[in-house]
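A look at the structure
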Amino acid sequence: MIDARLLPLQRRLTRPFAEALYKAGISADQISLFGFALGLCALPALAMGHFGLGLMFILLNRLCDGLDGAVARIAGPTDRGAFLDIALDFLFYASIPLGFALFDPSRNALPAALLLASFIGTGVSFMAYAVIAAKRGLHSSAFPQKGFYYLGGLTEGAETIAAFVVFCLFPMAFPAFAFIFAAACAITTLTRLIAAWVAFSPNTH
């Protein structure tokens, strides 16, 4: 919901670091893979109850996610980079509820499963829209520099990370927060389905 507003600030902050990384010969794809590895470290940390450590890995992953795009804008974006960006993001997102489920299966398994199901809804509706939009030659005015059509919604990247931060700061309240965020993701999925129904009507071109 607020990703488009945050992007200009993010780009200004990451530009100097991205230039240094580019001059050092570090590619955007390397940063993406390194950031993904850091993000996956949050899974065992959360599963073992080290929520502060898990939060650190989550934030490091997001830092790399900003830097890889910044380096790509300097070096020139690639299809492989765009694929890695979105695919690794969704895999990372899925690992966080799993970490909480492993920490306390009796309390967290059901809300984590519901949250993962809601992530499937947002992810599938997001990517399916992008595929058809590309087929029709559509471009997003809100995210013109993305490597694919980026459809927004109530729960985007910023809201998801904010939810993860809340989970880590208040781990004992994970079930309640997970149910709330899953409901917000369900609303996002519904609005995207409606948007696709309207935009991809046989009478539209």
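Notes on the structure follow. (Residues numbered from 1 in each chain as written. Predicted model: local features only at pLDDT ≥ 70, side-chain atom pairs only at ≥ 80, totals over all residues. Heavy atoms only, no water.)

Our focus in this paragraph is the overall build of the protein. In terms of regular secondary structure, the protein is built from eight helices and zero strands. Mapped from its N terminus to its C terminus, the protein presents α and β elements in the order α-α-α-α-α-α-α-α. In terms of C-alpha radius of gyration, the protein reaches 17 Å, essentially the compact-globule figure of 17 Å for 205 residues. Of the contacts formed within the protein by residues at least 6 apart in sequence, a portion of 80% connects residues at least 24 apart. (Helix = DSSP H or I, 4+ residues; strand = E, 2+ residues; numbered from the N terminus. Rg over C-alpha atoms; globule rule 2.2 N^0.38 Å. Contact = heavy atoms within 4.5 Å.)

Below, the discussion takes up the packing of helix α2 (residues 28-40) against helix α5 (residues 79-103). Remark: α2 packs on α5, axes separated minimally by 10 Å, with the N-to-C direction vectors making an angle of 5°. On the basis of the axis angle, α2 is roughly parallel to α5. Contacts from D29, S32, L33, F36, G39 and L40 in α2 reach R80, G81, L84, L88, L91, F92 and S95 in α5. Its residues placed into classes, the contact of α2 with α5 shows seven nonpolar, four polar and two charged. (Axes fitted to C-alpha atoms, helices over the stretch in contact; angles between N-to-C directions. Parallel < 35°, antiparallel > 145°, perpendicular 65-115°, else oblique. Nonpolar A, V, L, I, M, F, W, Y, C, P; charged D, E, K, R; others polar.)

Another aspect to go through is the pattern of salt bridges. According to the stated counting rule, one finds four salt bridges in the structure shown. Of the charged contacts, one joins D29 and R80 as a salt bridge, the two residues approaching to 2.8 Å between their closest N and O atoms. Here D29, found in helix α2, pairs with R80, found in helix α5; they are 51 residues apart in sequence, far enough to count as distant. The exposure class assigned to D29 is buried, which follows from its relative accessible area of 12%. D89 is the salt-bridge partner of R62, the closest N and O atoms lying 2.8 Å from each other. Highlighted residues: R62 in helix α4 (residues 51-75) and D89 in helix α5, separated in sequence by 27 residues. For D89, a relative accessible area of 11% translates into the label buried. Within the structure, one salt-bridge network assembled from shared partners comprises R62, D65 and D89. (Salt bridge = Lys/Arg side-chain N within 4 Å of Asp/Glu carboxyl O. Buried < 20%, exposed > 50% of the residue type's maximum accessible area, 1.4 Å probe, protein only.)

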